[in-house]
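Geometric and topological summary
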Amino acid sequence: MNYAGRDSVFVIMAYDFAEERVQKALKIGRKYLKWVQNSLFEGDLTVAKFEKLKAELRSIMDEKEDSVKFYILRDKKYVEMEYLGVVKEEDVFFL
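Note that the structure is a prediction, hence the values are computed from the model and not measured.

Details of the sheet that holds strand β4 (residues 67–73)
The strand order across the open sheet built from 4 strands is β2-β3-β1-β4, with neighbouring strands paired in antiparallel fashion. The open sheet is flanked by β2 (34–37) and β4, the only strands paired with a single partner. Taken over all neighbouring pairs, the strand axes of this sheet differ in orientation by 25° on average, direction set aside. Across 3 bridges, the pairing between β2 and strand β3 (residues 40–46) is antiparallel. Directly across from W35, in β3, lies its bridge partner F41. Running at roughly 135° to β3, helix α2 (residues 47–60) makes contact with β1 (8–16), β3 and β4 of the sheet.

Structural notes on the packing of aromatic side chains
Counted under the stated rule, the structure contains 3 aromatic pairs. Between F50 and F70, the aromatic rings sit 5.1 Å apart at their centres with planes inclined by 85°, giving edge-to-face as the arrangement. In this pair, F50 sits in helix α2 while F70 sits in strand β4, placing the two residues 20 residues apart along the sequence. For F70, a relative accessible area of 23% corresponds to the partly exposed category. Linked through ring pairs, Y15, F17 and F41 together constitute an aromatic cluster. Lying across the ring of F50, K54 places its NZ or CZ 4.4 Å from the centre.

Points about helix α1 (residues 19–32)
Looking only at α1, the buried set comprises R21, A25, L26, I28, G29 and Y32. Considering only its buried residues, α1 is in contact with β1, β2, β3 and α2.

Notes on the packing of α1 against α2
Remark: α1 packs on α2, axes separated minimally by 10 Å, with the N-to-C direction vectors making an angle of 170°. By the angle class used here, α1 and α2 are roughly antiparallel. Contacts from R21, K24, A25, I28, G29, K31 and Y32 in α1 reach K49, K52, L53, E56, L57 and I60 in α2. Within the contact of α1 with α2, the residues separate by chemical class into 6 nonpolar, 1 polar and 6 charged.

Thresholds applied
- Residues numbered from 1 in each chain as written.
- Predicted model: local features only at pLDDT ≥ 70, side-chain atom pairs only at ≥ 80, totals over all residues.
- Heavy atoms only, no water.
- Pairing = 2+ DSSP bridges.
- Helix = DSSP H or I, 4+ residues; strand = E, 2+ residues; numbered from the N terminus.
- Axes fitted to C-alpha atoms, helices over the stretch in contact; angles between N-to-C directions.
- Contact = heavy atoms within 4.5 Å.
- Phe/Tyr/Trp six-rings, centres within 6.5 Å; stacked < 30°, edge-to-face > 60°.
- Buried < 20%, exposed > 50% of the residue type's maximum accessible area, 1.4 Å probe, protein only.
- Lys NZ or Arg CZ within 6 Å of the ring centre and 35° of its normal.
- Parallel < 35°, antiparallel > 145°, perpendicular 65-115°, else oblique.
- Nonpolar A, V, L, I, M, F, W, Y, C, P; charged D, E, K, R; others polar.

Structure representation (C-alpha cells):
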C-alpha cells in the first residue's frame, strides 16, 4: 500500500488467530494500538510503526490458518463510531 506523503495513519485492526497463537497476537496488538474488543484494536500509528506491527504479526502467524484485516484511514476524524451495549475501553482511569 502506498502511504506517500503521510506521516501517520489511523488503523482499525481485526484478527482471527488459532487458539495457540491468539495470546501472542493480542500482546503484539497491545504494543501498538488500543484494545477495544476481543479481537479488535484501533489507533494512530506512524507509517514506520504500522510496518513494524505487520512484520511482528507475520512472524507469529500461520498464513494458512490465521488472518488479520486492517482498515486504514488518513485520520480518525473521518470515522464515525456507534456503540450498542457495553463500551469496552482500555484507557479508563479511576480516581
